[in-house]
Amino acid sequence: GYAGVVRFRGVRIGGISGIFKSHDYRKGHFECPPYNQQTIRSAYHVRNIEVFKLKQLKRPMDIFMSHDWPRSIYHYGNKKQLLKMKSFFRQEVESNTLGNPAASELLQHLKPTYWFSAHLHVKFAAFMQHETSSKEELPKATKFLALDKCLPHRDFLQIIEVEHDPNAGDSLEYDAEWIAVLKATNNLVNVTQNSWNMPEKNGLHAKWDYSATDEAIKEVLEELNHNLTIPCNFTLTAACYDPCKPQKNMQPVHTINPQTTEFCAQFGLTDINDRIQQAKEEGSGRGECEEEEEEEEMDSTGSAEEPSEYTTDNSGLSSINPDEIMLDEEGGDEDLSTCSVDPSPDHPPEFSTSFSDIRIMPDSMAVSSDDATDSNNEDLEKSGGSKQGEEKSSTERPLKRIGGDENGNSGVKKIKRRNQAIYAAEEEDK
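Keep in mind that what you see is a predicted model, and the values were worked out from it rather than measured.

## Some details on the overall build of the protein
Turning to step 1, where the next piece is worked out: The number of helices and strands found in the protein is 14 helices and nine strands.
Turning to step 2, where the next piece is worked out: Sorting the 430 residues of the protein into buried and exposed places 39% on the buried side.
Turning to step 3, where the next piece is worked out: Long-range pairs, those at least 24 residues apart, make up 76% of the contacts in the protein with a sequence separation of at least 6.

Right, dumping it as C-alpha cells:
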C-alpha cells in the first residue's frame, strides 16, 4: 500500500501513497494503532525506502499515480491558468517548491506515459518531454493530469483511452520486476523512528544497486509457476459499521492483515505490521519511544525538522491550499475540508484544459515572471468589485465545527457535512 506496481490487461501501473514532509521522509514505518496526535498525521508521509524501491525499476511504466504532485510539473502546463484558479500557489510556484521533490525524481527516472496525481484539488494537465541520455535512446514524454474535487460544478472526471491487451483477463496481476525488487530490498525494512539514508554510490555502502536482474525476475516467475494473477483473498479484519449498534469512543486495535501475511509469506518478505507488533510485545525501548514521540509532537509543524536531502523543502511553508483535505491540528477525525462555493458568474470555471490542447513547455525549470503575474493583473482589471464579493461570501460561510455555544462555553463538537449542504442548496435553487 505504501508503493507498488501491478498489471492489468497488459498495462503496467505503479504508484506511491502519501505526501512529502522532510522531517519524516528518512524515518521507518513505525506508526500503528492506537495513533497519537503525531502518528495520525505522519502515517501518511512518504518515506525514502519507497522512493528507493521504485527507483530500482528499469522496465517501461505505462501509468504512475501519486497523491502529491511531482515538483516542477507546473512548468510544463498552463501555469498562468493554474495561478488564476489557485492564486495561493504563487509563492511555491515562483520558488519552485510546490509539490513532492521525491516524486519529481521518480518522474525523471520512470518516465511513465501517464502520471496522475491528486492533493491540490484543481484540474491541471501538463506535457513533459524527457531528455534522452544517449542518441540510441528513444525520446519519451509523460502526460500529467490532476483533477478537481468530486463536487458539483467541479472538473473531477476525464476519460482517457489507454492501449491494452483486449484478450487479457479481468484480473489484476503481480509485476515480476517489482516483486524481485521487494525481495532484494527486504533487508532494508525499518520499523523505527530513527532516520537513515538509503544506500548510494558514495563509498559508504557495499551495495547500492538493488535493481532486479533477469535471473531474479525469472525466479519470481518460476515461484508463481508463471501465473501472475493476484488472488482474490480479501478478508475482513474489523466488523462493518452497524448504525443500529453504534460503538462510540472505541479504541482501534492493531490488526495483522491476513492478506498481507499471505503475500509476504509467499515471497519471503518481512510483514511490517507483524514486525511492529513483535516490537510492541517485546516492550523494548518503550520509555525511549515515548520520549521520541513527545519530541516528534513538538516537531509536528516542521519548524525544527531535520536537514533534508533536497535543496528546497515546502513542508514548513505558510502557503496553504484552502481546498486541501487534511487532518485538523487538534487531531479531529471528522471531515475538515473547506466548504466549496459555486462558481461566480463573473468567474466561470476554466478547467477545460486537456492533453489535446495543452502547450508544450520548454525543459527549463526557470519560472517566467510574466506567467506568474499577468493572469492576476487581468483578473483585477476585469473584476474590480468581484474580490469584495468573494471576501464577503467567504466570511458568510458556515463554520464546519463549533467548539462552544454563543456564550463561549465549550460543548460537543458539531459537524456540518459539506456535501449535504451543497446538494441541499442545489435542490432549493431548483
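Read on for the rest.
## Brief notes about the side chain of Asp24
Turning to step 1, where the next piece is worked out: Mapped onto the fold, Asp24 is located in helix H1 (residues 22-25).
Turning to step 2, where the next piece is worked out: Within the local environment of Asp24, its side chain forms a polar contact with the side chain of His45, the two groups lying 2.7 Å apart.

## Comments concerning the sheet that holds strand E4 (residues 114-117)
Turning to step 1, where the next piece is worked out: Reading across the sheet, the seven strands line up as E5-E6-E4-E3-E2-E1-E7 and stay open at both edges, with mixed pairing between neighbours. Lying at the two open borders of the sheet, with one neighbouring strand each, are strand E5 (124-129) and strand E7 (173-174).
Turning to step 2, where the next piece is worked out: As judged from the four bridges shared by E4 and strand E6 (residues 141-146), these two strands associate in the parallel manner. Looking at E6, one finds that Phe116 is bridged to Leu145.

## What about unusual backbone geometry?
Turning to step 1, where the next piece is worked out: The residue after Pro33, namely Pro34, is reached through a cis peptide bond having omega -5 degrees.
Turning to step 2, where the next piece is worked out: Mapped onto the elements, Pro34 comes out in the loop between H1 and helix H2 (39-42).
Turning to step 3, where the next piece is worked out: With a phi close to 65 degrees, His153 is a non-glycine residue in the positive phi region.
Turning to step 4, where the next piece is worked out: Looking at the secondary structure, you find His153 in the loop between E6 and E7.
Turning to step 5, where the next piece is worked out: Since its relative accessible area comes to 45%, His153 is described here as partly exposed.

## Focus on the packing of aromatic side chains
Turning to step 1, where the next piece is worked out: Summed over all chains, the structure comprises 11 aromatic pairs.
Turning to step 2, where the next piece is worked out: A centroid spacing of 4.6 Å and a plane angle of 45 degrees characterise the contact between Phe64 and Trp115, whose relative ring orientation is tilted. Taken together, the positions of Phe64 in strand E3 (residues 63-66) and Trp115 in strand E4 put the pair 51 residues apart, joining distant regions of the chain.
Turning to step 3, where the next piece is worked out: Here the aromatic rings of Tyr174 and Phe263 are separated by 5.8 Å at their centres, their planes lie at 35 degrees, and the arrangement is tilted. In this pair, Tyr174 sits in strand E7 while Phe263 sits in helix H9 (residues 258-267), placing the two residues 89 residues apart along the sequence.
Turning to step 4, where the next piece is worked out: Judged by its relative accessible area of 8%, Tyr174 is buried.

## Concerning the side chain of Asn48
Turning to step 1, where the next piece is worked out: Looking at the element boundaries, Asn48 is found in helix H3 (residues 48-54).
Turning to step 2, where the next piece is worked out: Using a relative accessible area of 3% as the deciding quantity, one classes Asn48 as buried.
Turning to step 3, where the next piece is worked out: Contacts of Asn48, omitting those with residues within four sequence positions, involve Tyr25, Arg26, Lys27, Trp196, Asn197 and Met198.

## Let's talk about helix H7 (residues 176-184)
Turning to step 1, where the next piece is worked out: With seven of nine residues buried, H7 lies mostly within the body of the structure.
Turning to step 2, where the next piece is worked out: Residues of H7 that are buried include every one of Ala176, Glu177, Trp178, Ile179, Ala180, Val181 and Leu182, and no others.
Turning to step 3, where the next piece is worked out: Considering only its buried residues, H7 is in contact with strand E1 (3-8), strand E2 (11-16), H3, E7, helix H8 (214-223) and H9.

## Some remarks on the pattern of salt bridges
Two side chains that carry opposite charge are able to pair once their charged atoms sit near each other.
Turning to step 1, where the next piece is worked out: The final tally for this structure, using the stated rule, is 11 salt bridges.
Turning to step 2, where the next piece is worked out: In this structure, Lys27 engages Asp24 in a salt bridge whose closest nitrogen and oxygen atoms are separated by 3.0 Å.
Turning to step 3, where the next piece is worked out: According to the relative accessible area criterion, Lys27 is buried, its value standing at 2%.
Turning to step 4, where the next piece is worked out: With its nearest N and O atoms 4.0 Å apart, the salt bridge here joins Asp214 to Arg59. Of the two residues, Asp214 is situated in helix H8 and Arg59 in the loop between H3 and E3; the sequence distance between them amounts to 155 residues.
Turning to step 5, where the next piece is worked out: The class for Arg59 is partly exposed, based on a relative accessible area of 38%.
Turning to step 6, where the next piece is worked out: Salt bridges linked by common partners bring Arg7, Arg12, Asp175 and Glu177 together as one network.

Reading guide: rules and limits
- Residues numbered from 1 in each chain as written.
- Predicted model: local features only at pLDDT ≥ 70, side-chain atom pairs only at ≥ 80, totals over all residues.
- Heavy atoms only, no water.
- Helix = DSSP H or I, 4+ residues; strand = E, 2+ residues; numbered from the N terminus.
- Buried < 20%, exposed > 50% of the residue type's maximum accessible area, 1.4 Å probe, protein only.
- Contact = heavy atoms within 4.5 Å.
- Polar contact = N/O pair within 3.5 Å; in protein donor to acceptor, adjacent residues only side chain to side chain.
- Pairing = 2+ DSSP bridges.
- Phe/Tyr/Trp six-rings, centres within 6.5 Å; stacked < 30°, edge-to-face > 60°.
- Salt bridge = Lys/Arg side-chain N within 4 Å of Asp/Glu carboxyl O.

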